Amino acid sequence: MDKLKVFISDDSATIRKRLVTMVLDLPGMDVVGQAENATGSLAAIRQTRPDVLILDIRMPGGNGIEVLREVKKLDPAPKVIMFTNYAHAQYRKKCEEAGADFFLDKSTEFDKLPQALEQVRQGLRADAGAGGQSQSHDAPVDSTLAGRTSQGSLSNVKGESHDRPRRREGSSRGRREESQEEQGKEGQRREKERKEKR
């Protein structure tokens, strides 16, 4: 099998650069393109026909979920790894319904991306070895890591289905503290406005 063709779609140039470096350091993989917005992503994906797409949710000119829906209409459709800072349950559900194969949180699961890419590569290699008979390009890949389970739901790296992103202990506490701080500031602002109106 040729190298796994990877396309990166993210509005952050820093993230794209980091992803390109990571993918090129992995054996048997190549970056065939990248884009910073939804419109550019769709056009380039149709042209480059990648095996796998690393896709952010929030982008200029549309969003990653719209891109996901469109690329899953291609034949063959690429595997899609949603890679986002917006790893909320409602986004996970929308992505799953739209056909995402993986859903990873940039802030806590960056290190899981190579495993997801390798899982796709192994799945496509098995498909090619069976003369294309074992699974279609759009079928779920092995569930032992971060892909869809045999039931078709998104799962984490242990193969367990989950509705919300996994968090490191410190990060959820930090976010909770930030939220409390924001609520405190909001309360102070309201109190100040109330005093000014008197």
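Before reading on, note that the structure itself is shown above.
Note that the structure is predicted; figures quoted are calculated from it, not measured.

Trainee: Can you walk me through the pattern of salt bridges in this structure?
Mentor: Proximity of charged atoms lets side chains of opposite charge pair with each other. Overall, the coordinates contain 8 salt bridges when judged by the stated rule. In this structure, the salt-bridge partner of Lys 72 is Asp 101, at a minimum N-O distance of 2.8 Å. Within this pair, whereas Lys 72 is found in the loop between helix H3 (64-71) and strand S6 (79-84), its partner Asp 101 is found in the loop between helix H4 (89-98) and strand S7 (102-105), the two being separated by 29 residues in sequence. Overall, the relative accessible area of 15% leaves Lys 72 in the buried class. Overall, Asp 101 belongs to the buried group, its relative accessible area being 2%. In the salt-bridge network here, residues are joined through shared partners; they are Asp 10, Asp 56 and Lys 106.

Trainee: Explanation requested: the packing of helix H2 (residues 38-48) against H3 in the structure shown.
Mentor: Two elements in contact, H2 and H3, have axes separated by 10 Å at closest approach and are oriented at 20°. With respect to H3, the element H2 is oriented roughly parallel. For H2 against H3, the interelement crossing comes out right-handed. Residues Ala 38, Ser 41, Leu 42, Ile 45 and Arg 46 of H2 form the contact with H3, whose own contacting residues are Val 67, Glu 70 and Val 71.

Trainee: I would appreciate a short explanation of unusual backbone geometry in the present structure.
Mentor: Peptide bonds are, in most cases, trans, and in most cases residues other than glycine have a negative phi. For the peptide bond that leads from Asp 75 to Pro 76, omega is 0°, which places it in the cis range. Inspection of the secondary structure puts Pro 76 in the loop between H3 and S6. With a phi close to 50°, Arg 49 is a non-glycine residue in the positive phi region. With respect to the secondary-structure elements, Arg 49 resides in the loop between H2 and strand S3 (52-55). With relative accessibility at 31%, the residue Arg 49 sits in the partly exposed group.

Trainee: What exactly am I supposed to notice about the packing of H3 against H4 here?
Mentor: Between two packed helices, both the angle of their axes relative to each other and the distance between the axes serve to describe the pair. Their axes nearest at 9 Å, the elements H3 and H4 cross at an angle of 15°. What the angle tells us is that H3 and H4 run roughly parallel. Every pair of crossing elements has a handedness; the one defined by H3 and H4 is right-handed. Between H3 and H4, the residues in contact are Ile 65, Leu 68 and Arg 69 and Tyr 91, Lys 94, Cys 95 and Ala 98, respectively. Class assignment for the residues of the contact of H3 with H4 results in 5 nonpolar, no polar and 2 charged.

Trainee: In this structure, what is going on with the sheet that holds S7? I would like to understand it.
Mentor: Paired through backbone hydrogen bonds, the strands of a sheet run either parallel or antiparallel to each other. If you trace the 5 strands from one edge of the open sheet to the other, you get S2-S1-S3-S6-S7, paired in parallel fashion. For this open sheet the edge positions go to strand S2 (29-35) and S7, each flanked by a neighbour on one side alone. Each neighbouring strand pair of the sheet contributes to a mean axis angle of 20°, computed without reference to strand direction. Pairing of S6 with S7 involves 4 bridges; the strand directions are parallel. By the bridge assignment, Phe 83 is partnered in S7 with Leu 104. Lying on the sheet, H2 is in contact with strand S1 (4-9), S2 and S3; it crosses S1 at an angle near 170°. Running at roughly 165° to S3, H3 makes contact with S3 and S6 of the sheet.

Trainee: Can you walk me through the pairing of S6 in this structure?
Mentor: When you tally the buried positions in S6, you get 6 out of 6 residues, the bulk of the element. Bridge count for S3 against S6 is 4 bridges, and the pairing is parallel. If you follow Leu 55 over to S6, its bridge partner there is Met 82. In this fold, the crossover linking S6 to S7 by way of H4 has right-handed handedness.

Trainee: Would you mind going over the environment of Gly 33 with me for this structure?
Mentor: Examined against the element boundaries, Gly 33 turns out to sit in strand S2. Residues Gly 33 and Ala 44 lie 11 residues apart in sequence; the distance between their C-alpha atoms is 7.1 Å. Not counting the four nearest positions on each side in its chain, Gly 33 is found in contact with Val 6, Phe 7 and Ile 8.

Conventions and cut-offs
- Residues numbered from 1 in each chain as written.
- Predicted model: local features only at pLDDT ≥ 70, side-chain atom pairs only at ≥ 80, totals over all residues.
- Heavy atoms only, no water.
- Salt bridge = Lys/Arg side-chain N within 4 Å of Asp/Glu carboxyl O.
- Helix = DSSP H or I, 4+ residues; strand = E, 2+ residues; numbered from the N terminus.
- Buried < 20%, exposed > 50% of the residue type's maximum accessible area, 1.4 Å probe, protein only.
- Axes fitted to C-alpha atoms, helices over the stretch in contact; angles between N-to-C directions.
- Parallel < 35°, antiparallel > 145°, perpendicular 65-115°, else oblique.
- Left-handed = near helix turned anticlockwise from the far one by under 90°.
- Contact = heavy atoms within 4.5 Å.
- Nonpolar A, V, L, I, M, F, W, Y, C, P; charged D, E, K, R; others polar.
- Pairing = 2+ DSSP bridges.
- Right-handed = clockwise from strand over helix to strand, strands pointing away.

Structural measurements only, silent on function.
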